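# Coordinates in review
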Amino acid sequence: MAALLYRLGRFCFRRRWTITALWVALLIAVGVGGAALSGPTSNSFTIPGTQAQKAMDLMEQRFPDTHAGGATAVVVFAAPDGRTLAEPDATAAVRQSLDQLRRDAEVADVLDPFDAMAVSPDGRYALAQVTYKVPMGDIPKGARATLESAASIGRSAGLTVESGGDALQEPSASGTGEVIGLAVAALVLVITFGSVLAAGLPLVTALIGVGIGVSAITVTTGFVELSSNTSVLATMLGLAVAIDYALLIVSRHREELAAGRSPQEAAGLAVGTAGSAVVFAGLTVVIALAGLSVAGLPILTQMGLAAAATVALAVLIALTLLPACLGFTGQRLQPRRRADSLDASAGHRWARLVTRRPLTVLLTATVALAALAIPALDLRLGMPDDGSAAPATTQRRAYDLVTKGFGSGHNGPLLVVVDTKGTGSAEGPAQRTAERLTPLSGVAAVTPAVLNQAADTALLTVIPSTAPDSTATGRLVSAIRDLPAPSGATVSVTGRTAINLDMSTKLGRALAPYLALIVGLTGTVAMVPQVSRAGCVPAGSRVFRASHALENAMATCTTRSAGSLSGQSAPPGDPGAEESPP
């Protein structure tokens, strides 16, 4: 591989105008295509094959007025100490706030806490449920602003009002974070290289690669529904690996220039040596990202494949566009100062230490990694909720108010769906199901069943006595699912808490196959160069001759570097001394 990359680097250096023009033309073409063919992205989140998802789909079908797939918000009202929400002015402030929410066009329903008996026993706390017509990622900023303005009505009356729920989650988007990251990367590169030109090349090539990748994703949205987070992950990873890969090659190129090589030869050697590391690193990242599809979650599959394609694009740019750009710099990337001795290099000293005591270093590193991995023995997978939000956010304050006024289980109610379609009314089976649920350990309350219009599906709300992320709540979900269903009925559990638990379980089960896939494919990729060096390449082939040419060039470069450090001139026949820069 090194020989082919060496030739590729020299070719792109010589044909720099053509290579650069091709990449720029591709960027323009894909950009125009993205602008013309882009389609809407999706913010829906599904976990196919799980009971929670099947029950949620059933709710959307049988209870269309509830907008089961829509975002939800919880508005918590709290009266000051010594007062209750039953006081006329407090009650009026709560209902004025709710009326403000009902006027929002995106709101499907607002549940009055006084009508729904969602007032704490001491009368100080009330819980209002707001349901939106669209998923959380599709809620416009105006709807969130309305939620805040409604809360301000209650606050002006002296009440404490906080909001939680997935409706308050802002959709991910590329923008300010990436700009800040680029600025920091540029500063670090300038300090590292001591040259604006050397620092600029990795940034320029990274931006071109990410621009092509994100534009290609935008084109794809015109034909396939993709998650809105797909381009976000592709942008972040694309920038990171593209800068990293270009940094390796540019650093190697400058080393070769410092050793006296011509710019063309230095570019070829840089791509042939550092480029091999770039290819292997890129392949491992691509394998890891594409391997996310084994989890069986559509959103992870989309994000993983899109990011993998962007990383592969970054590798191609590092191997082709970057050496072409090096062709425009000539000798200007040559370092201003050269080290007096290789032994002065901290990296060289560290490498010598490791190679002198390989077994000691291996054992020490293994023990250290094992010690760092000890906490993983108690690892418990879970999804973030309002309870894990920052203490200063309204989501976390709402979560704490619910816990204080109603109990932690009210932050994650479970929805139990009783389906009797084709066997009769769901009223009787729902009543029997409620009777079986009430005595279960961990159940704080079970609300009366709500029937759909056809009376063939019933919906029960179960309030756990523990927090949504508690292991006890997970055991309760399993216990409900293990209960025998009434004759002629099917019982399933859903809701945000059940969905999070099912997702954690699905991801946990996919972890072992994922690791096996990554280790197996990465090991196979790592063996390819070993097989090639073992004699699989015919001795008379052009690849074999190119490999020997690269080895000779690298050996000459090393000899020249050693000779210059010892005060000797370059050996006769040094191709770097004979070849003039193009």
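The structure presented is a predicted model; accordingly, all values stated were derived computationally and were not measured.

### Quick word on the packing of aromatic side chains
- As enumerated under the stated definition, the model contains 1 aromatic pair in all.
- Relative to F328, the ring of W17 has its centre 4.8 Å away and its plane inclined at 80 degrees; by these criteria the two rings are edge-to-face. Of this pair, W17 sits in helix α2 (residues 16-37) while F328 sits in helix α11 (residues 321-329), placing them 311 residues apart in sequence.
- Residue class for W17 comes out exposed when judged on its relative accessible area of 67%.
- Its relative accessible area of 30% is what places F328 among the partly exposed residues.

### Details of the confidence of the model for the chain
- Residue-level pLDDT values for the chain average 85, and 88% of them are 70 or greater.
- Considering only residues more than four positions removed or in separate chains, one finds that residues 338-344, a stretch of pLDDT under 50, has 12 contacts.
- Within the model, pLDDT remains below 50 along residues 531-549, and this stretch shows 13 contacts once partners closer than five positions in the same chain are excluded.

### Overview of the pattern of salt bridges
- Considering all chains together, one arrives at 16 salt bridges under this definition.
- Between D81 and R124 there is a salt bridge, and its shortest N-O distance comes to 3.0 Å. Of this pair, D81 sits in the loop between β1 (72-78) and α4 (88-102) while R124 sits in the loop between β2 (107-111) and β3 (125-132), and the two are 43 residues apart along the sequence.
- D81 sits in the exposed class, given a relative accessible area of 65%.
- R124 sits in the buried class, given a relative accessible area of 18%.
- Put simply, E148, R155, E162 and R397 are held in one network by salt bridges that share partners.

Cut-off values and rules
Residues numbered from 1 in each chain as written. Predicted model: local features only at pLDDT ≥ 70, side-chain atom pairs only at ≥ 80, totals over all residues. Heavy atoms only, no water. Phe/Tyr/Trp six-rings, centres within 6.5 Å; stacked < 30°, edge-to-face > 60°. Helix = DSSP H or I, 4+ residues; strand = E, 2+ residues; numbered from the N terminus. Buried < 20%, exposed > 50% of the residue type's maximum accessible area, 1.4 Å probe, protein only. pLDDT = per-residue confidence, 0-100. Contact = heavy atoms within 4.5 Å. Salt bridge = Lys/Arg side-chain N within 4 Å of Asp/Glu carboxyl O.

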